[in-house]
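Each chain, written out:
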Amino acid sequence: MLHALKATGVKKEIALKMYTQLANKGPRPLVLCGPSGSGKSTLLKRLFEEYPNTFGFSVSHTTRTPRAGEQHGKDYYFTDKEMMLEKIANDEFIETATFSGNMYGTSKAAVREIQNTGKVCILDIEPQGVEQIKKTDLNPILVFNNPPTIKDLELRLRKRQSETEETLQKRLAAAVSEIAYGLEPGNFHKIIHNVEIDEAYAEFREFILNELKQQEAQGVQICWE
Ligand SMILES: Nc1ncnc2c1ncn2[C@@H]1O[C@H](COP(=O)(O)OP(=O)(O)OP(=O)(O)O)[C@@H](O)[C@H]1O
């Protein structure tokens, strides 16, 4: 493609820039936001099972030390606090968080890397991250996964047996403002009312497939196989 652009008489630097822009035009990332316990991972697991090569997760950065067998660039981008703070100052991250004294973050470049392979980069992010990604040029599809009630969320989290009483209460408290943000008109392209899982998945799947078909019709290459 670069040769073709140069052959049209376009200067080398401009041809290179145009080529990079065209080559970078992969599918739009897909943001799935929703309170803890609303069923995001359950929906994504089904999606990955049905389309194992179409979707991908970006590789996160972390300041924690690698565990045995973990590979830089595959499991995480391992970095240090100084570098991480510098990248944050340079506005290179969509979201960052600190757990047990280690910093973690999703960089815009890591999302583009998935996009460049023709895969849809899935981002499971919180409202602050959604606000951040909206300010970038990543142009994501934004989906909110809405649980029936807070009581249902509580039951799902208790049944999952993943929480202490303290973390459970924290998650439920955060859910109230997350749901308010999710239901505010204009914040998302699609709201999935996740009551019954089979119905919720069918609606999620149909929405995404329609989106991807529209992108394909506009010339975006999507990796189906
Ligand atoms: N529609 C549903 N009805 C009932 N239970 C559900 C439904 N969807 C998911 N669950 C169950 O609820 C629990 C929470 O689901 P899941 O782990 O997918 O939530 P999540 O939004 O990914 O949470 P987190 O953000 O904490 O990772 C799981 O045990 C899952 O099996």
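Rules of the game
- Numbering of residues starts from 1 in each chain and follows the order in which that chain's sequence is written.
- Note on the predicted model: pLDDT of at least 70 is required for a residue's local features to be given, and 80 or more for side-chain atom pairs to be given and counted; whole-chain, interface and lining totals, by contrast, use all residues.
- In DSSP terms, a helix is any run of H or I states spanning at least four residues, a strand is any run of E spanning at least two, and both are numbered starting from the N terminus.
- To sort residues by burial, count the other C-beta atoms lying within 10 Å of each one's C-beta; a count of 20 or more means buried, 12 or fewer means exposed, and anything in between means partly exposed. C-beta atoms are built from the backbone.
- Fitted lines through C-alpha atoms serve as axes, helices being fitted only where they are in contact, and the angles separating the N-to-C directions of these axes extend from 0 to 180 degrees.
- Oblique is the label for any angle not under 35 degrees, not over 145, and not in the 65 to 115 range, which are roughly parallel, roughly antiparallel and roughly perpendicular in turn.
- If you view the pair so one helix is near and one far, a crossing is left-handed when the near helix is turned anticlockwise from the far one by less than a right angle, and right-handed when it is turned clockwise.
- Here, residue contact means that the backbone-derived C-beta atoms of the two residues sit within 7 Å.
- Following the grouping adopted for this structure description, the nonpolar residues are Ala, Val, Leu, Ile, Met, Phe, Trp, Tyr, Cys and Pro, the charged ones are Asp, Glu, Lys and Arg, and the polar ones are all others, Gly among them.
- In this analysis, strands are considered paired if DSSP registers two or more bridges between them.
- To decide whether a residue is near a molecule or strand, its C-beta atom is placed from the backbone and checked for lying within 6 Å of it.
- For every residue, the predictor assigns a confidence score, pLDDT, that lies between 0 and 100.
- UniProt positions are given in the numbering used here, feature names are shortened, and annotations may be inferred rather than shown by experiment.

> Residue-level account of unusual backbone geometry, with values.
One non-glycine residue with positive phi stands out, namely Asn 139, at about 50°. Position of Asn 139 relative to the elements: it lies in the loop between α6 (127-134) and β8 (141-146). Despite not being glycine, Gln 161 has its phi angle at roughly 55°, a positive value. As for its placement among the helices and strands, Gln 161 is situated in the loop between α7 (150-160) and α8 (165-183). The class for Gln 161 is exposed, based on 6 C-beta atoms found within 10 Å.

> Before we move on, can you summarise the packing of helix α3 (residues 40-50) against helix α9 (residues 197-217) with the specific residues and values?
In the contact formed by α3 and α9, the axes pass within 10 Å of each other and the chain directions differ by 60°. By the angle class used here, α3 and α9 are oblique. Relative to α9, α3 is oriented so that their crossing is right-handed. Of the residues in α9, those in contact with Thr 42, Leu 43, Arg 46 and Leu 47 of α3 are Ile 197, Ala 200, Tyr 201, Phe 204 and Arg 205. Residue composition of the contact of α3 with α9, grouped by class: six nonpolar, one polar and two charged.

> Talk me through the sheet that holds strand β2 (residues 55-57); I want residue IDs and the actual numbers.
Strand order across the open sheet formed by five strands is β2-β7-β1-β8-β9, with parallel pairing between neighbours. Looking at which strands have only one partner, the edges of the open sheet turn out to be β2 and β9 (190-193). Going across the sheet, the axis of each strand differs from the next one's by a mean of 30°, ignoring polarity. Two elements, β8 and β9, share four bridges in a ladder whose sense is parallel. In the sheet register, Asn 145 faces β9, and the bridge partner there is Ile 192.

> Give me the site of the ligand: which residues, what numbers.
Not every one of the 15 residues close to the ligand is listed here, only the nearest: Ser 36, Gly 39, Ser 41, Thr 42 and Arg 156. Only α3, α7 and α9 provide two or more residues apiece to the shell around the ligand. Of the residues contributing to the shell around the ligand, the split by class is two nonpolar, eight polar and five charged.

> Which residues make up the environment of Asn 194, and what values do they have?
With respect to the helices and strands, Asn 194 occurs in the loop between β9 and α9. In sequence terms Asn 194 and Ser 38 are 156 residues apart; their C-alpha atoms lie 7.2 Å from each other. Not counting chain neighbours up to four residues away, the residues in contact with Asn 194 comprise Ser 38, Gly 39, Asn 145, Asn 146, Pro 147 and Ala 200.

> I'd like a description of the confidence of the model for the chain, backed by residues and values.
In low-pLDDT segments, the atomic positions of the prediction should not be examined closely. Confidence in the prediction for the chain averages 92 pLDDT; 89% of positions are at 70 or higher. Within the model, the stretch residues 19-24 combines pLDDT values under 50 with six contacts to residues more than four positions away or in other chains. The ipTM, which scores confidence in the relative placement of chains, is 0.98 for this predicted complex, and the corresponding pTM is 0.88.

> Describe in detail the sheet that holds strand β3 (residues 61-62), supporting the description with residues and values.
What the four strands build is an open sheet, ordered β4-β3-β6-β5; its pairing is mixed. The strands lining the two open edges of the sheet, one partner per strand, are β4 (77-78) and β5 (93-99). As defined by bridge partners, β3 adjoins β4 across two bridges and the pair is classed as parallel. Across the sheet, His 61 pairs through a bridge with Tyr 77, a residue of β4. This element, helix α4 (residues 81-89), spans β3, β5 and β6 (102-107) of the sheet and lies at about 40° to β6.

> Give a description of the UniProt feature "domain: Guanylate kinase-like" (unreviewed entry) in the chain that names residues and reports values.
UniProt's entry tags residues 27-209 with the feature "domain: Guanylate kinase-like" (unreviewed entry), counted in the numbering of this structure. For residues 27-209, helix accounts for 44% and strand for 21%, while the C-alpha atoms at its two ends are 12 Å apart.

> If you had to explain the environment of Lys 25 to someone new, which residues and values would you point to?
Within the element layout of this structure, Lys 25 appears in the loop between α2 (12-23) and β1 (30-33). The exposure class assigned to Lys 25 is partly exposed, which follows from the 15 C-beta atoms found within 10 Å. Taking the C-alpha atoms as reference, Lys 25 lies 25 Å from Asp 75; in sequence the two are 50 residues apart.

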